[in-house]
Amino acid sequence: MKAVIITGPGGPEVLELREVKAPAPGAHEVLVEVRAAGVNRADVLQRMGRYPAPPGVPADIPGLEYAGVVAGVGAGVTRWKTGDRVMGLVAGGAYAERVPAHEDTVLAVPDGWSFDDAGAVPEVFLTAYDALIRQAELAAGERVLIHAVGSGVGTAALQVAKAFGATVIGTSRSAAKLKRAQPLGLDVAVDTSRERFGDAVARETGGRGVDVVLDLIGGPLFGETLGALATRGRLILVGLTAGRSAELDLGVVLNQRLRITGTTLRSRPLAEKAALTAAFARDVLPLFAKGALRPVVDHTFPMAAAAEAHRRMEADAHFGKLVLNWREPAG
């Protein structure tokens, strides 16, 4: 089969389309003929040598999400059959014509969806739902601050928060991205190239602060992010695009009785991933059918142009998701 290979740590130019040995499904696994794969910041970090794949996952084939058709099933599989249209998360290897996935982490592609749309959903919407609803326990009537609201996770989190009845304050350094986020339900847009988001939150909440923050950036602004929380506020840290280090006043955490949670999906045990997949199928997929949620695809690239997709992501030129697509069905 063909796959995009990381030929060595480096820039986008290290990604090459090559012939590799096709995988076989193990017990309780399905083999998916990939039609589309979402591009994620983790793929970029893996390509740079800063986020290695976990044991048992191809070290040189990136890709954390897929959409495609079941091409084969392993021993013991009862939930899926050949020909089913599916999507889901894997710990790596989705930039390939075929990828194996455990049957309990697979989701059905809703009727009427293109594979491009389906490939844009699993990573960002599962992350947003897990972080905001299952971990931060965001409730109807609460206020949430979402950093980088124009990113893939940001656009998904905005929609999830609105669907669950929250008011959303979103940040971006791009006025254009903030404008595009408004039809998705953004209540308050904060252009961080023009003002401090802490000042905007104080103004919009009468000095109280927000109940929840979804932080996709980390870095030097982490202290200001903590200061935007209300008493007993919850911060869920999902990304570190602004850096891994921060200076902050721990007294704020104590005095405000704040809760800080870090989260990632890739390294979780299978049982946790299966539980999240089941909850997502029950609680979130129906919201797409109702029109409360929708995939946000910025641009699709042929799989052979993976390097171009990575360059667009690194330039922060995208709004929503970038998707790689096998233009012809895998052979």
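It should be noted that the structure appears before, not after, this text.
One structure accompanies this document, and this report is about it. (Residues numbered from 1 in each chain as written. Predicted model: local features only at pLDDT ≥ 70, side-chain atom pairs only at ≥ 80, totals over all residues. Heavy atoms only, no water.)

Section: the overall build of the chain
Part 1: Summing up its helical and strand segments, the chain has 11 helices and 15 strands in all.
Part 2: Within the span of the chain, comprising 331 residues, buried residues form 54% of the whole.
Part 3: For the chain, contacts bridging at least 24 residues in sequence account for 69% of all contacts bridging at least 6.
Part 4: As presented, the chain carries roughly 13900 Å² of accessible surface, and 51% of it is formed by carbon and sulfur atoms.
Part 5: Of the charged side chains in the chain, 37 are positive and 36 negative, and the gap between their average positions amounts to 2 Å. (Helix = DSSP H or I, 4+ residues; strand = E, 2+ residues; numbered from the N terminus. Buried < 20%, exposed > 50% of the residue type's maximum accessible area, 1.4 Å probe, protein only. Contact = heavy atoms within 4.5 Å. Areas by Shrake-Rupley, 256 points an atom, 1.4 Å probe, with all protein chains shown as cover. Lys, Arg positive; Asp, Glu negative; His and termini not counted. Charge placed at Lys NZ, Arg CZ, Asp CG, Glu CD.)

Brief notes about the nonpolar core
Part 1: Among the nonpolar cores identified, the biggest contains 53 residues, and Met87, Phe125, Leu132, Val144, Leu214, Phe280 and Phe288 are the most heavily contacted of them.
Part 2: It is helix H3 (residues 122-135) that provides the largest number of residues to this core, a total of eight residues. (Core = buried A, V, L, I, M, F, W, Y, C linked by side-chain atoms within 4.5 Å.)

Points about the pairing of strand S6 (residues 98-102)
Part 1: Among the five residues of S6, four are classified as buried, and the element is accordingly described as predominantly covered.
Part 2: For strand S3 (residues 29-39) and S6, the ladder comprises five bridges, and the chain directions are antiparallel. Opposite Leu31, over in S6, you have Pro100 as the bridge partner. (Pairing = 2+ DSSP bridges.)

Describing the environment of Arg79
Part 1: Looking at the element boundaries, Arg79 is found in the loop between strand S4 (65-73) and strand S5 (85-89).
Part 2: Residue Arg79 is classed as partly exposed on the basis of its relative accessible area of 47%.
Part 3: It is 6.7 Å that separates the C-alpha atoms of Arg79 and Glu103, two residues lying 24 residues apart in sequence.
Part 4: Setting aside anything within four residues of it in sequence, one finds Arg79 in contact with Glu103 and Asp104.
Part 5: Within polar-contact distance, the side chain of Arg79 engages the side chain of Asp104 at 3.3 Å. (Polar contact = N/O pair within 3.5 Å; in protein donor to acceptor, adjacent residues only side chain to side chain.)

In short, shape yes, function no, at least from these values alone.
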